[in-house]
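Overview (structure and organization)
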Amino acid sequence: MSKMQRTLRLTAISAALASAGGLALAQDAEVAELVTPESFVSIGAGYWTKDRPQWGIYDGMNKDGGYGLLDARIANRDNPTGTWFTLDARNIALETREFRVDWLRQGDIGAFLEYSRIPRDNPYTFLTGVQGIGTATLRVPTPSATTLGEVHLGTVRDRTGVGFFKSLGGGLGFRVHLQNEDKTGTRHWGRGGAAEFAVEPIDSNTRQLEAILSYASKAFQIQGGYYGSWYTNDIKLVDTALTTGASQFFLSQPLSNQAHQFFVNGGYNFTPSTRATFKVAYTQATQDETIPVGAGVATFAGAPTNLDGQIDTTLLQLGLTSRLSDSFSWLASLRNYESDEKTPQVRIVQPAGGCGTCVDNTPLTFKTLTGKLEGTYRMTRGLSLLGGLEHAKQDRKVPFGNLNVAGVDNQRYVPWRAEVDETTYRMQLRRALAETVNGSIAYLHSKRDGSEFTATNELQSDQINPIHIADRDRDKVRLMLDWAPSEALNLTFSAEAAQDDYGYSAARPYGLRDGEATLFSIDAVYSITDRWQFTGWYTRDNQKATQFGQRAVNANVLAAEKEARLEDIGDTFGAGLRGTLLPRLKAGFDVLYSKNVNKYPETITPLAGGPLLPTVGGVSAVPLPEIENRLVRLKLFAGYALQKNSEVRVDYIHERWKTDDWSWMFANGTAFTYGTTTDGTQVLQSQRQTADFLGVRYIYRFF
């Protein structure tokens, strides 16, 4: 072989080896990038030009002015031991700050610590002279001595959690999670039956503990544990009165309580195609705190000093699934849920003149047994047909005619039903695993009925058909479609329609008569080029309800029948565009438009010879006006890469919100004012809110 030939051959081999080595090195770099954690720090500032009380309810930026922008993720992996350390910090400079620290040795042991703050700012402004807001003592000045001051209400929840897990080997594992939440602040309230302004002071704590021991093998999986919750309220009773001490009234707060649950759930694979599941849980909730009584309030001599409340719940559930062949599978489940209230039945109020207006607590016990059977038949071309049946039977019990306590039945103000049954039939046709079109269409029909109703102690309330236990026929159709006409375009359609029919009962003609709901949505994702992508979506929902009731025109005119046709219509549109303008410059936008309309049309028909109903003054038969809310939100953003691992990002947001909500207005359009004998507190809402935001941040990434 000549020297030239040998040289050419070695060169070719070297080139091949170099190519293979280069490919291996490239692959190694890709793998390294995937397994090497990326960290980043983002720091900046933003500015809102105006107050935004409506859309700043939860984000901690409801006031105009500057805000700090600070986020970070620090991740580190020790390769020899497979140990991870991560720190996630979000919105650190805002009221919505949150962070989490994780330490994890894969498949062995791990722990985490987390914190988050959740604000909720009331969107209304209150002009009031009430003193002691935020405390358990409220004092209302008389109108002549009132100086109204501006007050803003809101709450803050500070939540801290810690968790730990350990793999014990042999399929055993243990994990525990403890969470503590402190809630403080103020909430809009009211006192008595009159329109009198009050503020609820909030100072409570909720603790939750969950501990789980689990075991898993190829055929058998099981986990059991304990879940507990403890709620403590530091403010039990709120004392409200005029500054003169007159018109004293007490408002009670939720009392401290606790609950403890023990549970076991798991599953067993009899064969690769047949599996059984089970779930067992027992919970006991108690509330035995002393019932607070305001100073000078007369109580019934036999009334208890504490409720001694207790509710025991038991859940038993079994399930079985099996695939009998390639074309047919089925599942069955049985669920029994029992809630047994063991709170002693006692008398709370008993007037000296008799028991016409006695008040007793009424412990409620109920048991719900639910069975479900479902089968799926798979056909050709990815089609499958599903049919199912579900039946729920609920037995309900409260004390009636207790021999030790007289007059219990006279306290019933809502018709009662001891048994409620509901049966649901389901049919669905589905197509999956197709290249371009996948989807499903389903039809559900359910029927609810039950035992005879027990009469109440008043004619008017006995004519109510209670919505939660009334007879009802429900029909629902659901359609979903996923269509990919090309590699660049994907469309998702969803439509749903439901109709409820509560029928008509001559014995109980008042309440909800019928209802319907429709929902339509479309989502689109379109890859314009490799560098630009567009997303868009539109949703429309419409809910209607027809409700019948009685209405008094005035104290001397017989009651009329009112037919209210309530309707809620929502339209929401969103679109977004993201792409690369220059090798170092990426940009995009998001736009959101939302419109919601509430309608309250009603028809008033006089009832000849109908019963009189109590009323305060005359009542107009003019229908309530509609309420419309609109939102437009535009967001523009751009990021410029200074280096491979750093960039500058700019965000601009424009928000515009408009409403004609009259909920806190008088009919003439003026702000609602509390009472003429109290301080005259006013509730204000800005019906047009427009604000702009500009934010700039520097982002640095590292490994």
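Residues numbered from 1 in each chain as written. Predicted model: local features only at pLDDT ≥ 70, side-chain atom pairs only at ≥ 80, totals over all residues. Heavy atoms only, no water.

1. Focus: the pairing of strand β15 (residues 257-271)
Here is the rule: Two strands pair under a simple rule: DSSP has to find at least two bridges between them. In this text, helices come from DSSP runs of H or I with a minimum length of four residues, and strands from runs of E with a minimum of two, each type numbered from the N-terminal end.
Pairing analysis gives 12 bridges linking strand β12 (residues 220-233) to β15, with the strands arranged antiparallel. Bridge pairing in β15 links Tyr227 to Gln261. With 13 bridges joining them, β15 and strand β16 (residues 274-287) adopt antiparallel strand pairing. Each bridged residue has a counterpart across the sheet, and for Phe263 the counterpart in β16 is Ala281.

2. Comments concerning unusual backbone geometry
In terms of backbone geometry, most residues other than glycine have negative phi values and most peptide bonds are trans. Using the following cut-off: Only protein chains enter the accessibility calculation, which uses a 1.4 Å probe. A residue is then buried if its area is under 20% of the maximum for its type, exposed if over 50%, and partly exposed in between.
Located in the positive-phi region is Ser247, a residue other than glycine, with phi close to 55°. Structurally, the position occupied by Ser247 is in the loop between β13 (237-242) and β14 (249-252). A relative accessible area of 42% means that Ser247 is categorised as partly exposed. Unlike most non-glycine residues, Arg381 shows phi in positive territory, near 60°. Residue position: Arg381 is located in the loop between β21 (365-378) and β22 (383-397).

3. Structural notes on the pattern of salt bridges
Quick note on the threshold: Salt bridges are counted wherever a side-chain nitrogen of Lys or Arg sits within 4 Å of a carboxyl oxygen of Asp or Glu.
Inspection of the entire model under this criterion finds 35 salt bridges. For Arg701, the salt bridge goes to Glu647, with nearest N and O atoms at 2.9 Å. You can see Arg701 sitting in strand β39 (residues 688-702) and its partner Glu647 sitting in strand β36 (residues 646-659), a full 54 residues away along the chain. On the basis of relative accessible area, Arg701 is assigned to the partly exposed category, the value being 29%. Connected through salt bridges with shared partners, the residues Arg52, Asp59, Arg633 and Glu655 form a single ionic network.

4. A few points about the packing of aromatic side chains
As a reminder of what qualifies: Two aromatic rings, drawn from Phe, Tyr or Trp (for Trp, its six-membered ring), form a pair once their centres lie within 6.5 Å of each other, and the interplanar angle then sorts them: stacked below 30 degrees, edge-to-face above 60, tilted otherwise. As a reminder, the over-ring test applies to NZ of lysine and CZ of arginine, requiring each to be within 6 Å of the ring centre and within 35 degrees of the ring normal.
Tallied over the full model, the rule gives 16 aromatic pairs. Aromatic side chains Trp664 and Tyr674 sit 6.3 Å apart centroid to centroid with 40° between the ring planes, which places their arrangement in the tilted category. A residue pair is termed long-range when its members are at least 10 positions apart, and Trp664 in the loop between β36 and β37 (672-673) and Tyr674 in the loop between β37 and β38 (682-684) qualify at 10 residues. Owing to a relative accessible area of 26%, Trp664 belongs among the partly exposed residues under this scheme. You can call Tyr674 buried: its relative accessible area is 5%. Every member of this aromatic cluster is reached through a ring pair, and the members are Tyr124, Phe126, Phe197, Trp664, Phe666, Phe672 and Tyr674. The aromatic ring of Phe112 is capped on one face by Arg100, whose charged end is 4.0 Å from the ring centroid.

5. Quick notes on the side chain of Thr546
To keep things clear, this is the line we draw: In what follows, residue pairs with any heavy atoms lying within 4.5 Å of each other are defined as contacts.
Within the secondary structure, Thr546 sits in strand β31 (residues 532-551). Residues contacting Thr546, with those up to four places away along its chain left out, are Gly511, Leu512, Arg513, Asp514, Glu563, Ala564 and Arg565.

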